[in-house]
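Here is how the chains run, residue by residue.
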Amino acid sequence: MPRILIAPSVLAADFSRLSEQLRQAEEAGADWFHLDVMDGRFVPNISFGPPVIESIRAITKLPLDTHLMIKEPDRYVKDFRNAGADCITVHQEACRHLHRTVMRIKELGARAGVAINPATPVATLTEVLGDVDLILIMSVNPGFGGQSFIPGSLQKLAEARTLIAEAGRSISLEVDGGIDVSNAQGVVEAGADVLVAGTSVFRQGTIAEAMQRLRTSIEQRTPAS
């Protein structure tokens, strides 16, 4: 079975001890760091922008998985790439010309991802499957951390995994929202191979113990037939 990646969501970290907490997560086996960028327009919250990502880039060599929950992402993808983003994911719902945005990200040398909200059908991604490197299924409504996992996301993950298989390409399938030890095994069995985890990593005891619990829950999954 392929290795399942864990991408701790930096938004849930203690920003007064950010460097220390990222180091602890990296030492505990984090594969990527997930960076939630919010503009207060596409989602009802504001987080951080390129300067913070540039600071994070300076303290870790792990891939920076940058999730743009913003309107008009085309205007800013170059800034985020220059700040150190390795993968830039935009929302299908925020892009007027999604294919153009995806190709712009790839021209900048980053991996290109497309995210969809809980109410958006997986089928809307069909026309960009030939170009994307990552699909992100939101398992909560974006904008805030600490929300509960939406059970219907399992079906969406399974549908996305089928589309990826039919496309015959190596595309990461990421899930973001409410991921913890109670559902990690289920989302992996549904097809996810990258798990974003914020509260369950940074706010559940020590980071090392939280990462170990999450990894253990993933490894208990049923092998694919």
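Everything quoted here is computed from the prediction, not taken from an experiment.

Q: It is not clear to me how the overall build of the protein chain should be interpreted in this structure. Could you clarify?
A: For the protein chain, the helix and strand inventory stands at eight helices and eight strands. For 225 residues, the compact-globule estimate of 2.2 N^0.38 gives 17 Å, and the protein chain sits close to it at 16 Å. For the protein chain, the residues scored as buried account for 53% of the 225 residues in total. Split by element, the accessible area of the protein chain, about 10,100 Å² in all, is 50% carbon and sulfur. Computed over 22 positive and 27 negative side-chain charges, the separation of the two mean positions in the protein chain equals 4 Å.

Q: Would you take a moment to explain helix α8 (residues 207-219) for this structure?
A: Because an α-helix completes one turn every 3.6 residues, residues spaced three or four positions apart along the sequence face the same direction. For α8, built from 13 residues, the straight-helix expectation of 18 Å at 1.5 Å per residue is met to within 8% by its first-to-last C-alpha distance of 18 Å. Within α8, burial applies to Ile207, Ala210, Met211, Leu214, Arg215, Ser217 and Ile218. Angular distribution of buried residues about the axis of α8 spans 160°; they occupy a single face of the element. Those residues of α8 that are buried lie in contact with β1 (5-8), α1 (18-27), α6 (184-190), β8 (194-197) and α7 (199-202).

Q: Can you walk me through the environment of Glu166 in this structure?
A: Tracing the sequence through the fold places Glu166 in helix α5 (residues 153-167). On a C-alpha basis, the gap between Glu166 and Leu129 in space is 9.7 Å, while along the polypeptide they are 37 residues apart.

Q: Is there a simple way to explain the layout of surface pockets in this structure?
A: Left-over empty space is what a probe sized like a water molecule reveals as it rolls over the atoms. Size it by volume and the largest pocket reaches roughly 530 Å³. Broken down by secondary-structure element, the contributors of at least two residues to the lining of the largest pocket are β2 (33-38), β8, α7 and α8. For the lining of the largest pocket, the element with the most residues is α8, which contributes three residues. Partitioned by chemical class, the residues of the lining of the largest pocket number 14 nonpolar, twelve polar and five charged.

Q: Sorry if this is basic, but what is going on with the pairing of strand β3 (residues 64-69) here?
A: Each regular strand displays side chains that alternate between the two surfaces of the sheet. Taking burial as the measure, the six residues of β3 include six buried ones, the bulk of the element. Of the two faces of β3, both are covered, the one formed by Leu64, Thr66 and Leu68 as well as the one formed by Asp65, His67 and Met69. With six bridges connecting them, β2 and β3 associate as parallel partners. Across the sheet, the residue bridging to His34 is Asp65, located in β3.

Cut-offs applied
- Residues numbered from 1 in each chain as written.
- Predicted model: local features only at pLDDT ≥ 70, side-chain atom pairs only at ≥ 80, totals over all residues.
- Heavy atoms only, no water.
- Helix = DSSP H or I, 4+ residues; strand = E, 2+ residues; numbered from the N terminus.
- Rg over C-alpha atoms; globule rule 2.2 N^0.38 Å.
- Buried < 20%, exposed > 50% of the residue type's maximum accessible area, 1.4 Å probe, protein only.
- Areas by Shrake-Rupley, 256 points an atom, 1.4 Å probe, with all protein chains shown as cover.
- Lys, Arg positive; Asp, Glu negative; His and termini not counted.
- Charge placed at Lys NZ, Arg CZ, Asp CG, Glu CD.
- Expected span 1.5 Å × (residues − 1).
- Arc of directions from axis to C-beta.
- Contact = heavy atoms within 4.5 Å.
- 1 Å grid on protein atoms, 1.4 Å probe; cavity = no way out; pocket = protein on both sides within 12 Å on 5 of 7 lines; lining within 4 Å.
- Points joined across faces, edges and corners; volume = space filled by probe spheres on them.
- Nonpolar A, V, L, I, M, F, W, Y, C, P; charged D, E, K, R; others polar.
- Pairing = 2+ DSSP bridges.

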